[in-house]
Amino acid sequence: MGFARTCAVALVGVEGVVVEVQADLEPGVAAFTLVGLPDKSLSESRDRVRAAVVNSGTAWPSKKLTVGLSPASVPKGGSGFDLAVACAILGATERIDSRVLVDLVMIGELGLDGRVRPVRGILPAVIAAADAGYEQVVVPECAAAEAALVPGVAVLGVRSLRQLIAVLTDEPVPEEAPDEQGRPDPLLAGLRVPGAGTATGMHTAQLDQGNDLADVVGQFSARTAVEVAAAGGHHLFLEGAPGAGKTMLAERLPALLPDLTRQESLEVTAVHSVAGLLPPGKPMIDVAPYCAPHHSATMQALVGGGPGVARPGAVSLSHRGVLFLDETPEFSSRALDALRQPLEAGHVVIARSAGVVRFPAKFLMVLAANPCPCGRFTQTDDFCECAPSAIRRYQARLSGPLLDRVDLRVQVDRVTRSQLTGLAARGESTATVAGRVRAARERAAARLADTPWGTNSEVPGRELRSRWHAERGAMDEAERCLERGALTARGLDRVLRVAWSVADLAGHARPDATDVALALQLRTGVPRGVPMTIGAPG
């Protein structure tokens, strides 16, 4: 009788649970039993592991073999347990010293020829192993760079099972034949989900180096709103005629955001690793992500879900970045209303029969909409052919509770001939505005240094009112708007948050009456007699 054990990791969302993989050999009729609440893809590992062991030059035991996954109460799925199952069996057959396997965590799928293939979620799995106290992990060679992002963990990257056997038994490590030049590495296929990037509208700012804010013609009020949104992390609503530049402004917003800190990068990379959206050859995402789902996206596509264990949705893929909803009224009302919880909480909790999953979802939301179905309705022109009832129904698709959570609302006007032909003044470049945003973020970070918040949009209203006051009399007009019902209590708090972002951009120690007036104008869309610029030409 032989027994051996090693460890793997079961992922529940972006959180991992270390699973002990035990293998037991007993005399009896040759059989292979896998227990411990495995799903279909994990049950199929019996055939993959048997073929991989045989094709790696090791005899398969002709005894009763039982492999247990403990704790048995945790649902386990995916092919990432293959490597641990194979090594536990080889330890039970004494091909590998079982004592060497006890302190190892192994993550990887096995091909029938013994090659070790990558799986999604390597980074959160290694983080879970490190949190559990393990110091050594074995991962596929092509995913070693991703696993090495976790400090304090020794990472061994292997390309095949026979290489791992040689390393664990102190034998000469065999060389694996390289793939033919010019052909893609088939092992990298496990790192991405086919078509997922196209389906989510997902990309990072690094892919859009050619997009500059100076390309946007006119729209200085909207540019100011975009700058304030980037400085304080405020949600933004752009309303205007088709072709006015709403999408251009949204696409240039991620480049204004500061680079992610290491902790933020690990959070974003973990979500994209689980979703299978890590960029090839780049194990860590260090710039703000950008996600623009199509308006036909379902509620599950936006907030997460799907059959079985829930997968991250657009709100989680845009964590620490920008979520852009173009043609917002065309989204289903259920999908839009599902955004309320992550907008307030910064995370989304999805309950399914297979378990409850929590995904991070702290994003900057940008909504874009036309004023009416045809897009030509304005207060001054009569080009619109929509009936008043159709306009009301169209605008009512955006619920009041959702819009109340949006800090900035801006009217994007049609571009004039002089602006389009270059006769008017051009706006500032992305680099110039990003520098001002970075300085504003640094002022806010210094002010919030001893608090759990990093940006103005995160500070609760009670803290703003009790610890960080505006100048005397600066909030009088905003408080009168509250009394008249033009602002809700939540809206008043958001005006104060925006005022702090405006003050940080302008270099003021505290928001003055002009900063609050601009914040009110950005919040309500009602002119307050202040210029809608912070450094851009008027």
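Values in this document were obtained by computation on a predicted structure and should not be read as measured data.

Brief notes about the environment of His508
So, point 1. Of note, His508 is situated in the loop between helix H22 (489–506) and helix H23 (513–524).
So, point 2. What makes His508 partly exposed here is its relative accessible area of 31%.
So, point 3. C-alpha separation for the pair His508 and Arg443, spaced 65 residues apart in sequence, amounts to 9.8 Å.
So, point 4. Ignoring sequence-local partners within four residues, the contact set of His508 consists of Ala503 and Asp515.
So, point 5. Within the local environment of His508, its side chain forms a polar contact with the side chain of Asp515, the two groups lying 2.8 Å apart.

Topic: the environment of Val268
So, point 1. Secondary-structure assignment places Val268 in helix H11 (residues 262–275).
So, point 2. Owing to a relative accessible area of 1%, Val268 belongs among the buried residues under this scheme.
So, point 3. Placed 52 residues apart in sequence, Val268 and Arg320 show a C-alpha to C-alpha distance of 7.1 Å.
So, point 4. Ignoring anything within four residues of it in the chain, the contact list for Val268 reads Leu260, Ile285, Pro289, His319 and Arg320.

Some thoughts on the pattern of salt bridges
So, point 1. Applying the stated rule across the entire model yields 25 salt bridges.
So, point 2. The residue Arg320 makes a salt bridge to Glu267 at a minimum N-O spacing of 3.2 Å. Of this pair, Arg320 sits in the loop between helix H13 (314–317) and strand S13 (322–325) while Glu267 sits in helix H11; the two residues are 53 residues apart in sequence, bridging distant segments of the chain.
So, point 3. Owing to a relative accessible area of 22%, Arg320 belongs among the partly exposed residues under this scheme.
So, point 4. In this structure Glu267 comes out as partly exposed when scored by relative accessible area, which is 23%.
So, point 5. Among the ionic pairs, Arg405 bridges to Glu344, the shortest N-O distance being 3.4 Å. Within this pair, whereas Arg405 is found in the loop between helix H17 (400–404) and strand S17 (408–412), its partner Glu344 is found in helix H15 (residues 340–345), the two being separated by 61 residues in sequence.
So, point 6. Connected through salt bridges with shared partners, the residues Glu344, Asp404, Arg405, Asp407, Arg490, Arg494 and Arg523 form a single ionic network.

Focus on H23
So, point 1. Over its 12 residues, H23 runs 16 Å from end to end, which matches the ideal 16 Å to within 8%, given 1.5 Å per residue.
So, point 2. Among the 12 residues in H23, 9 count as buried, and that is most of the element.
So, point 3. Residues of H23 that are buried include every one of Asp515, Val516, Ala517, Leu518, Ala519, Leu520, Gln521, Leu522 and Arg523, and no others.
So, point 4. Where H23 is buried, its residues touch helix H9 (220–232), H17, S17, helix H21 (476–484) and H22.

Remarks on the pairing of strand S2 (residues 15–26)
So, point 1. Two strands pair when backbone bridges link them, and strand S1 (residues 2–12) and S2 are joined in this way by 11 bridges, in the antiparallel orientation. Paired with Phe3 across the two strands is Asp24, which belongs to S2.
So, point 2. Between S1 and S2, which pair antiparallel in sequence order, lie 2 residues; one of them, Gly13, sits at a positive phi of approximately 70 degrees.
So, point 3. Bridge count for S2 against strand S4 (residues 64–70) is 7 bridges, and the pairing is antiparallel. Residue pairing across strands places Asp24 opposite Thr66, the latter belonging to S4.

Conventions used here
- Residues numbered from 1 in each chain as written.
- Predicted model: local features only at pLDDT ≥ 70, side-chain atom pairs only at ≥ 80, totals over all residues.
- Heavy atoms only, no water.
- Helix = DSSP H or I, 4+ residues; strand = E, 2+ residues; numbered from the N terminus.
- Buried < 20%, exposed > 50% of the residue type's maximum accessible area, 1.4 Å probe, protein only.
- Contact = heavy atoms within 4.5 Å.
- Polar contact = N/O pair within 3.5 Å; in protein donor to acceptor, adjacent residues only side chain to side chain.
- Salt bridge = Lys/Arg side-chain N within 4 Å of Asp/Glu carboxyl O.
- Expected span 1.5 Å × (residues − 1).
- Pairing = 2+ DSSP bridges.

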